[in-house]
Amino acid sequence: MDMINIKINNIPLSVEKGTTILEAAEKIGVNIPTLCFLKDINEIGACRMCVAEVKGARSLVASCVYPIEREGTEIFTNTKKVQDSRRTTLELILSNHERKCLSCPRSGSCELQRMCHEFGIDDEERYAGENPEVKVDESTLHLIRNNNKCVLCRRCVAACNEQYVGVIGANNRGFDTEIGCYFNKDLNETACVSCGQCTAVCPTGALVERDQTEEVFAAIADPEKYVVVQTAPAIRATLGECFDMPIGTNVKGKMVTALKMLGFDKVFDTDFGADLTIMEEANEFIERMQNGGTLPMITSCSPGWVKFCEFYYPELLPNLSSCKSPQQMTGAMIKTYYAEKEGIDPKNIVVVSIMPCTAKKFEVKRDDQDAAGLPDVDIALTTRELAKMIKKCQIQFTKLPDSEFDPALGIATGAGAIFGATGGVMEAALRTAADTLTGKSLDEIDYKEVRGTDGIKEAVYNVAGTEVKVAVASGLSNAAKVLDKVKAGEADYHFIEIMCCPGGCVNGGGQPIQPASVRNFTDLKAERAKALYEEDINLPYRKSHDSPIIKQVYEEYLEKPGSHKAHEILHTSYVERERY
Amino acid sequence: MQKKISTLPFNGTPEQEAKLKEIIEKHKGDPGAVMPVLQEAQGVYGYLPKEVQIMIAEGLGVPVEEVYGVSTFYSQFSLTPKGKYNISVCLGTACYVKGSGKLVDEITNQIGIEPEECTEDGLFSLTACRCIGACGLAPVLTVNDEVYGRLEPKDIAGILDKYRA
């Protein structure tokens, strides 16, 4: 390694040659503000917030993309010149920014707002001028695009391209530049997969999830309605972040308490649905293996991925597992099995789900997701919306005691818990498939090769004497690489797990927003996933088929995995979609 | 200004498509291939309709939004077809102060299209251009290669009639 000695704000330090100023400063605890920079995916030096002075350089440099190459380089990140430049940049951004901060959903988590505060912007109108109002795009089920609050940082564009979707980009030129879709279409007319990664990286309120919290409050307030909530595996690993708890804190107990305090009639665990998914999916996989079915089989839990497949790889739709996602399975079981058992008319049940995902808002409206003749799930909220509800009700989240899920559909296994991380579904399915095929309860249940945050993981396992080749991909650009190999006949996988978002649901588009200053220096997906693998180890049951509730629902209701009834309630179908 | 997108039906020929495929093949894999491909495609089709942009995106393996973004960034790219007769009204400083804006309005009144549009019968298109170096004749317009100067709105009808034969 080629090390050089430099000084930042007169503090001497030694860094690898080629390190950017931004990275070097971070090492000694000097924060440099950024608006456009996202490590690895948006390194364009466009916003000019990160400017710094380099001794001997003619002008200020963008520290996010300025590599330090010279021994003895002296850098200053806080001179008056730097401060003045940043202030001017902010004032210019504000000159055509819709400054309705009090009612903005990102108030408090807006990176622009925080910078204006930190830099003491005292005149929002310094560069007042033309400020044409542009149309707000409310066309989709999952998000709202308000370009009046856009700062043209292009983080959303980078995230969308990183997802191999690329339906938003910068159109037109100069003052007319705006982030939009091809041929000026509304977002719902494009091949957007609803993943919401753009909403997770937007520094301002230009891209926000469609807020459905008021619909939920209304349902809870309606005495006719029996309102049931379910929470996805990945929520417990991230919700704490909305209340300033450390990244990777498992807040399952507090979350359940908060949901009960919000007034839900029952609090169930989507991990139960995950276990059910495994029962059906493992069975489907074994059947396909034994009966010459379409292989490789590909998981179908991630609605962003499913929509991506429908748009971009329709020829692989027969490879998709016909299993509904855990959200939909849980909802379907609530409105059929649970409703019958408790004697409740499913028409009066409102199923709310808390998901790490914006695509779940799309999934609940899909066709063939209505086991009881009613939508399996009525309203899907993101982690962020749940936090909003908790805050609205003035619940002191961090002080809450722990509670348990309601037992009817609230007991789950470690296999269900790890669904929230990339590789988790594969591992959970293999645990069940291996036991089913051997007819034994195997002790070797850790499939470590499919864990971790690598975008693509491959492994070969011997499952009851049969060689099973698996691949796990997260993030749609990685998925595309794997699928292209399958299409070209260059890969002979039997089973593929695909998660739409990089790292899986822990890094989903509906997860708590972390500012770029955290995202750029912390591996969010790894920290959050740890919480789920810890939960897996500590649960009494770690295989889906060991869950007492799973046994019970098959005995009392579903007969066996893959039965006619199971197909009616727990499986679905897909459609090819037009991209343009 | 936002670029207008043609709403007229796409009438590409198989010959044009074959040429476009050649162009795409020639540039495929080059960094920044979108811009030269768009430029040559405009040479083939006269403009860059959606259908062509989609073929370019698919051919180069880039998102169609990237193609659209580039096509709307550069002023030389047109997303609307040119008519058999393209009327180009100079909106340069000299022509503008001499009232060329009113000429544009009059043309719009007469043939029902705004700048960057083409009539449905494909006879006329209208563009607003910058100084063409004929300031002495201001206000000026050209119809294809013919120049008309010192115009007033009342002259427009007669000029249009010449091409309607």
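Just so it is clear, the model here is predicted, and its values are computed rather than measured.

Caption draft 1: View of the overall build of chain A. Helices and strands together make up the secondary structure of chain A, namely 19 helices and 17 strands. The C-alpha atoms of chain A give 25 Å as radius of gyration, which agrees with the globular expectation for 580 residues (25 Å, within 12%). The principal-axis extent of the C-alpha atoms belonging to chain A is close to 75 × 55 × 50 Å. By the burial criterion, 52% of the 580 residues in chain A qualify as buried. If you take every contact in chain A between residues at least 6 apart in sequence, the share linking residues at least 24 apart comes to 74%.

Caption draft 2: How the structure looks around the pairing of strand E7 (residues 168–171) of chain A. All names here are of chain A. Pairing geometry for E7 and strand E8 (residues 178–181), over four bridges, is antiparallel. By the bridge assignment for E8, Gly 169 is matched with Gly 180. Here E7 folds back onto E8, and the loop between the two strands holds six residues, one of which, Asn 172, carries a positive phi near 65 degrees.

Caption draft 3: Layout of the interface of chain A and chain B. Across the boundary between the two partners, chain A contributes 15 residues, which contact 14 residues of chain B. For the side of chain A that touches chain B, the element with the most residues is E7(A), which contributes four residues. For the side of chain A that touches chain B, the class distribution of residues is seven nonpolar, six polar and two charged.

Caption draft 4: Local environment of the domain arrangement of chain A. Residues and elements named next belong to chain A. By the assigned domains, chain A splits into domain 1 (3–78), domain 2 (92–209) and domain 3 (214–570). Put simply, the middle of domain 1 and the middle of domain 2, counted by C-alpha atoms, are 27 Å apart. Taken together, the contact between domain 1 and domain 2 spans ten residues of the former and eleven residues of the latter.

Caption draft 5: Quick peek at the domain arrangement of chain B. For chain B, the assigned domains read domain 1 (14–73) and domain 2 (85–162). The gap between the C-alpha centroids of domain 1 of chain B and domain 2 of chain B is 30 Å.

Caption draft 6: Structural view of the sheet that holds strand E3 (residues 51–54) of chain A. Residues and elements named next belong to chain A. Pairing in this open sheet of five strands is mixed, and the strands run E2-E1-E5-E3-E4 from one edge to the other. Unpaired on one side and paired on the other, strand E2 (11–16) and strand E4 (61–62) mark the two borders of the sheet. Both strand E1 (residues 3–8) and E2 contribute to a ladder of six bridges, which runs antiparallel. Its bridge partner lying in E2, Ile 4 is registered against Val 15. Sheet strands in contact with helix H2 (residues 80–95) are E3 and strand E5 (74–76), and its direction is about 155 degrees off that of E3.

Caption draft 7: Inspection of the sheet that holds strand E14 (residues 379–382) of chain A at higher detail. Residues and elements named next belong to chain A. Ordered by their spatial adjacency, four strands build an open sheet running E11-E10-E13-E14, and the pairing between neighbours is parallel. Bordering the open sheet on either side are strand E11 (266–269) and E14, each of which pairs with just one other strand. Here the average twist between neighbouring strands, direction ignored, is 25 degrees. When strand E10 (residues 226–231) meets E11, the two strands line up parallel, connected through four bridges. When the sheet's bridge partners are listed, Thr 231 is paired in E11 with Asp 269. Against the sheet, helix H8 (residues 270–290) touches E10, E11 and strand E13 (349–355), its axis set at about 40 degrees to E11.

Definitions and limits used
Residues numbered from 1 in each chain as written. Chains lettered and ligands numbered in written order. Predicted model: local features only at pLDDT ≥ 70, side-chain atom pairs only at ≥ 80, totals over all residues. Helix = DSSP H or I, 4+ residues; strand = E, 2+ residues; numbered from the N terminus. Rg over C-alpha atoms; globule rule 2.2 N^0.38 Å. Buried ≥ 20, exposed ≤ 12 C-beta atoms within 10 Å, placed from the backbone. Contact = placed C-beta atoms within 7 Å. Pairing = 2+ DSSP bridges. Nonpolar A, V, L, I, M, F, W, Y, C, P; charged D, E, K, R; others polar. Domains from an automatic or database assignment. Axes fitted to C-alpha atoms, helices over the stretch in contact; angles between N-to-C directions.

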